[in-house]
Amino acid sequence: MTAALRAAGRSALAAPAHGIGGREDLPLPLGLTVTGAALAVVISFIALGLLWREQRLHGARAGRPLPAATRRVLDRPWTRRAVAAIGLLAFAWTLLALVFGRDDARNPAPWIGYVLLWVGLVPVSVLIGPLWRLANPIRTGHALVNRAMGLDPRDGIRPLPARLGWWPAAAGLLAFTWLELVAPDNATLPTLRWAMGLYCGTHLVAALVFGSTWFDRGDAFEAWSGLYGLVGPFGRRVDGTLVVRAPLVGLDALPPAPGLVATVAVMVGSTAYDGLSGSTAWVSFVQSHAWPRIVVGTLGLVTTVLVIALLFVGCTLAAGVVGGRPDRSLPAAFAPSLVPVALGYVVAHYYSLLVLEGQRALVRLSDPLGTGADWLGTAHLTPSSALVAPGIVANLQVAAIVLGHVGGVVLAHDRAVALFPEKGAVRGQLPLLALMVTLTCVGLLLLFWS
């Protein structure tokens, strides 16, 4: 997370805003924790191999329809317009702070972007669904302009090429995490203004060329929200019906597409790099070399993402060979299994930051211009650290890492029994199991050492 927010997290409260402290401060033993987590992943794999012999998720058709009255309300145009209006209001509030606010620690703009939007969007999407698609102010602005001109927002100058797939979202996610984790002065207003202008301009031009379908996979935040939304209990079946379903089932309906592997690799790798960049070993490495920090940080972030991507591609291709169905399309077919892993990393690394800095964001939101005003009546609130006691945070983080990888094993197993010959389905998952165990151990080590 940004240096400014990390500093803020260490100031007023003693509880950590990132990670679970140094190894010596943990209420959990390192060796037993890592060993137990790895065993939990292996045991889940064995249990699945014995009890789960055929595909069960069927995400495109799964789920129980919500009550008819609930579906009617949620599908009403005024409901969508209300969510879109809230998104526009939040965007206007952010611009007010960004353009006219003071460039100091009280300005809410960094907290809006790095905490409420980036981190806060994850639990909202998991619990409710891909809400950002409705609230996205750039999509809404594009639609309003087109309708005022009598045009269909879905129409562009040319169709969106299918080969683009998720690649724009992968690039956008990597760019935002670079801004968050590497860019200098990334919490200052000049940097945030430049980033906001580039973001809005890029997507408005792309939507003009390709139509509103661009946002589905071209907007990083819609991809971020949409993929995590597939983890949760609410979604739509292939026939468009709003349903409630078991967690993870929605990911089974995610079709393979170009750039999907890159996108989920960025989701996992960027959070892993955040943990790595906060470790003593990495800080010592950076300080021992004369390279510019921005160069080291950029190389570290890109390398981490590439390592995750290459390991995943290699393991999925190996799974095809071992399982009796070698196929170059397997990495994209198994890519959804990395989404719960990414979710586990986000919860583990950012839970305490969201709790503490989310409260500070509410305080700062009440005074966007930095004049001492209290427009929302929240300026007097004092952040509480009750939910970030070391024991609570440590246990939650370990559970998130383990459950995320177990969820990945479940999705990979269901996809394997659907794609591989019966005799090779379990055997073919061994490379992916090795990857999941490795990521589990690495994820926990990064938490202990950051």
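The rules behind these values
- Residues numbered from 1 in each chain as written.
- Predicted model: local features only at pLDDT ≥ 70, side-chain atom pairs only at ≥ 80, totals over all residues.
- Heavy atoms only, no water.
- Salt bridge = Lys/Arg side-chain N within 4 Å of Asp/Glu carboxyl O.
- Helix = DSSP H or I, 4+ residues; strand = E, 2+ residues; numbered from the N terminus.
- Buried < 20%, exposed > 50% of the residue type's maximum accessible area, 1.4 Å probe, protein only.
- Contact = heavy atoms within 4.5 Å.
- Pairing = 2+ DSSP bridges.
- Polar contact = N/O pair within 3.5 Å; in protein donor to acceptor, adjacent residues only side chain to side chain.
- Axes fitted to C-alpha atoms, helices over the stretch in contact; angles between N-to-C directions.
- Parallel < 35°, antiparallel > 145°, perpendicular 65-115°, else oblique.
- Nonpolar A, V, L, I, M, F, W, Y, C, P; charged D, E, K, R; others polar.

Colleague: Any details on the pattern of salt bridges? Residues and values, ideally.
Modeller: The full count for this structure, using the stated rule, is eleven salt bridges. The shortest N-O distance in the salt bridge between Arg415 and Asp252 comes to 3.3 Å. In this pair, Arg415 is assigned in helix H19 (residues 390–419) and Asp252 in helix H13 (residues 249–252), connecting sequence segments 163 residues apart. A salt bridge links Arg360 to Glu357; the nearest nitrogen and oxygen atoms lie 2.6 Å apart. Linking Arg360 with Glu357, this pair stays in helix H18 (residues 339–365), spanning three residues, or about one helical turn.

Colleague: With reference to specific residues and values, describe the environment of Ile294.
Modeller: Along the chain, Ile294 turns up in helix H16 (residues 293–323). The class for Ile294 is partly exposed, based on a relative accessible area of 33%. Here Ile294 is in contact with Trp178, Val182 and Pro184, once residues within four sequence places are set aside.

Colleague: Pulling in residues and values, what's your account of the sheet that holds strand E1 (residues 64–65)?
Modeller: Here we have three strands laid out as an open sheet, ordered E1-E3-E2, and antiparallel in their pairing. Since the sheet does not close on itself, it has two edges, and those belong to E1 and strand E2 (234–236), each with one partner. Pairing geometry for E2 and strand E3 (residues 242–244), over three bridges, is antiparallel. Residue Phe234 lies in a different strand from E3, and its bridge partner there is Val244.

Colleague: Report on the environment of Ser366, specifying residues and quantitative values.
Modeller: With respect to the element layout, Ser366 can be found in the loop between H18 and H19. Exposure remark for Ser366: the relative accessible area of 0% places this residue in the buried category. Among residues more than four places away in sequence, those in contact with Ser366 are Ala373, Asp374, Trp375, Leu376, Gly377, Thr378 and Ala379. Reaching out from Ser366, the side chain makes a polar contact with the backbone nitrogen of Leu376 at a distance of 2.8 Å. Polar contacts involving the side chain of Ser366 include one to the main-chain amide nitrogen of Gly377, which spans 3.3 Å.

Colleague: Before we move on, can you summarise the packing of helix H3 (residues 68–75) against helix H4 (residues 77–100) with the specific residues and values?
Modeller: Where H3 contacts H4, the axes come no closer than 4 Å and their chain directions differ by 55 degrees. Between H3 and H4, the angle falls in the class oblique. In this structure, H3 contributes Val73, Leu74 and Asp75 to the contact, and H4 contributes Pro77, Trp78, Thr79 and Arg80. Looking at the contact of H3 with H4 residue by residue, the classes come out as four nonpolar, one polar and two charged.

Colleague: Residue-level account of helix H12 (residues 220–229), with values.
Modeller: Counting buried positions over the ten residues of H12 gives nine, a clear majority of the element. Among the residues of H12, those classed as buried are Ala220, Phe221, Glu222, Ala223, Trp224, Ser225, Leu227, Tyr228 and Gly229. For H12, the N-terminal cap is Asp219; the gap from its side-chain oxygen to the backbone nitrogen of Phe221 is 2.8 Å.

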